[in-house]
Amino acid sequence: MDNRVLLGALSVGQTLPDDPRNGLARTGRGRLTRLALVLTALVALVAVGAGTVYVWPLRSDALQRATPETLSFESASARAAQAVTAEAADTEVLPECRSQFLSHQRVSAKAVLLLHGDTDCPQQYRGLAKLFFDRGYNVWVPRAPRHGVADRSAHAKLKADELVSSANDALNVAAGLGDTVGVVGISGGGVLATWLVGHRPDVVHRALLLSPLYKPNPARVPDLAVKPFTVLFGFGFGPDRVDGEGLSSAAMSQYLRIVGNFTTDPKSPHLRELAIVTSANDDIIDLRAATDIPRAIADLNDATFTAHELPRESGIGHDVLDPEGLRGRADEINQYYLDLYEGNERT
């Protein structure tokens, strides 16, 4: 095109003669505009989603509701025995994972409820349960919902409300077996035991918490991501993720939802002893939270508080009850746990 024609057209605002390059330029600008709009919309969507996740309520009436029930020794024993019998008839329940009921056939001075961890079953307490029984306790070790069955992935469908309901029912049984009752819980079972301390102050006298899963280890889930993790997996907004150890994010999030429903003012007038055990090698839980939460409960209730951390050189990991993990010291360490529960050990 003649430069004079071009300059003249520009000076009077005339349309230039057709040039394929002009169409390409307009098309390119249109695509950039659409891309910018899409990116802006995506950023806005992410921002709204993130904001929604952070303000999503974790507290729920169903997860703060406890139903105390006074049972006679006969009624409590019958319920425990019925559960064991029903599981024996259920081919889906693994024989080694059935609930355990160790009874002296009369009301004992002391009864204890033992709550196993996520992905595990009552077999986890096979050593400690016998020690309690030999010490004169009536012992109830119930199988948690969706645990100890042939389908190893069943626990991934856990719901927080069925966990707290099951724990509450189990405590009603244990309370009918002895004049006083306490609770021991490991990992997710430690979460349930803590929930019972706060929501069932009518009966809980002692508690021992082993590796309680109040928060994931920050190396697994950073602090800022705990709430989004709990909401996304706990309410089914994202597909489940199962790690190499078989831990389901959806299941873990149900326990974290329960933590979000701990009593804000956990006054427990009968609570005498509260003890915790953690391991320096534990890469599953947040070790600081595992100590701070029980200590705050003990302080509020003027209860004796004892914390013990298994040293790194012990080689013991998250499961502080696993006989193989205890490296030949299971009898010694279980005895220590019993003494710690009774307040006979101070560390």
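Note that the coordinates shown come from a computational prediction; the quantities given were computed from them, not determined experimentally.

Parameters at a glance
- Residues numbered from 1 in each chain as written.
- Predicted model: local features only at pLDDT ≥ 70, side-chain atom pairs only at ≥ 80, totals over all residues.
- Heavy atoms only, no water.
- Helix = DSSP H or I, 4+ residues; strand = E, 2+ residues; numbered from the N terminus.
- Contact = heavy atoms within 4.5 Å.
- Salt bridge = Lys/Arg side-chain N within 4 Å of Asp/Glu carboxyl O.
- Buried < 20%, exposed > 50% of the residue type's maximum accessible area, 1.4 Å probe, protein only.
- Phe/Tyr/Trp six-rings, centres within 6.5 Å; stacked < 30°, edge-to-face > 60°.
- Pairing = 2+ DSSP bridges.
- Right-handed = clockwise from strand over helix to strand, strands pointing away.
- Expected span 1.5 Å × (residues − 1).
- Axes fitted to C-alpha atoms, helices over the stretch in contact; angles between N-to-C directions.
- Core = buried A, V, L, I, M, F, W, Y, C linked by side-chain atoms within 4.5 Å.
- Disulfide = S-S within 2.5 Å.
- Patch = residues over 30% accessible without salt bridge, like charges linked within 9 Å, V, L, I, M, F, W, Y side chains within 5 Å.
- Areas by Shrake-Rupley, 256 points an atom, 1.4 Å probe, with all protein chains shown as cover.

Draft legend 1. Representation of the side chain of N217. For N217, the position within the fold is in the loop between β5 (204-210) and α7 (223-234). Those residues within four positions of N217 in sequence are excluded, and the remaining contacts are D282, D283, I284, I285 and D286.

Draft legend 2. Inspection of the pattern of salt bridges at higher detail. Per the counting criterion, the structure on display carries 16 salt bridges. In this structure, the salt-bridge partner of E245 is R220, at a minimum N-O distance of 2.8 Å. Placement of the pair is E245 in the loop between α7 and α8 (249-259) and R220 in the loop between β5 and α7, with a sequence separation of 25 residues. On the basis of relative accessibility, which here comes to 52%, the residue E245 falls in the exposed class. Residue R329 is joined to E332 by a salt bridge in which the shortest nitrogen-to-oxygen separation is 3.1 Å. Judged by relative accessible area, which is 36%, R329 ranks as partly exposed. The network of salt bridges with shared partners includes K110, R135, D339 and E342.

Draft legend 3. Molecular detail of the packing of aromatic side chains. Tallied over the full model, the rule gives 9 aromatic pairs. Summarising the aromatic geometry, the rings of F132 and Y341 are spaced 5.1 Å apart at their centres and angled 85° between planes, so their arrangement reads as edge-to-face. With F132 in helix α4 (residues 126-134) and Y341 in helix α10 (residues 330-342), this residue pair connects regions lying 209 residues apart in the sequence. Relative to F262, the ring of Y214 lies with its centre 5.8 Å away and its plane at 85°, an arrangement referred to as edge-to-face.

Draft legend 4. Examining the pairing of strand β4 (residues 178-186) more closely. Counting buried positions along β4 gives 7 out of 9 residues, so the element sits mostly inside the fold. Relative to β4, strand β2 (residues 108-115) runs parallel, the two being bridged by 7 bridges. The partner of V112 across the bridge, within β4, is G182. Traced from β4 through helix α6 (residues 188-199) to β5, the parallel crossover comes out right-handed.

Draft legend 5. Here's a closer look at the environment of T91. One can find T91 in the loop between α3 (73-89) and β1 (100-102). A relative accessible area of 73% means that T91 is categorised as exposed. Measuring from C-alpha to C-alpha, the distance between T91 and V149 comes to 8.6 Å, with 58 residues separating the pair along the chain.

Draft legend 6. Quick look at α6. Given a rise of 1.5 Å per residue, 12 residues ought to cover 16 Å, and the 17 Å separating the end C-alpha atoms of α6 matches this to within 8%. With 12 of its 12 residues buried, α6 lies for the most part within the structure. On its buried face, α6 is in contact with β2, α5 (160-175), β4, β5, α8 and α9 (287-301).

Draft legend 7. Inspection of the sheet that holds strand β7 (residues 304-310) at higher detail. What the 7 strands build is an open sheet, ordered β1-β3-β2-β4-β5-β6-β7; its pairing is mixed. The two strands at the open ends of the sheet, each matched to only one other strand, are β1 and β7. For this sheet, the mean inter-axis angle between neighbouring strands, taken without regard to orientation, is 15°. Where strand β6 (residues 273-279) and β7 come together, 7 bridges link them in parallel fashion. Each bridged residue has a counterpart across the sheet, and for I276 the counterpart in β7 is A307. Sitting on the sheet, α10 touches β2, β4, β5, β6 and β7, and the angle it makes with β5 is about 145°.

Draft legend 8. Region of the structure containing the nonpolar core. Residues L113, V183, V191, L192, L196 and I258 are the most contacted members of the largest nonpolar core, which totals 55 residues. When residues of this core are assigned to their parent elements, the largest contribution, 8 residues, is made by α5. Each residue touching L192, except ones within four places of it in the same chain, is listed here: L115, L163, V164, A167, Y255 and I258. Membership of the second largest hydrophobic core comes to 28 residues, among which are V112, L208, Y336 and L338.

Draft legend 9. Broad picture of the state of the cysteines. What the rule picks out here adds up to 1 disulfide. The disulfide partner of C97 is C121, and the gap between their sulfur atoms is 2.2 Å. As the torsion about the S-S bond is roughly -60°, the C97-C121 disulfide counts as left-handed. Of this pair, C97 sits in the loop between α3 and β1 while C121 is found in the loop between β2 and α4, placing the two residues 24 residues apart along the sequence.

Draft legend 10. Inspection of a nonpolar patch on the surface at higher detail. A grouping of Y54, V55 and L224 is seen on the molecular surface, where their side chains present a nonpolar patch of about 360 Å² in accessible area. Positionally, V55 belongs in helix α2 (residues 20-55).

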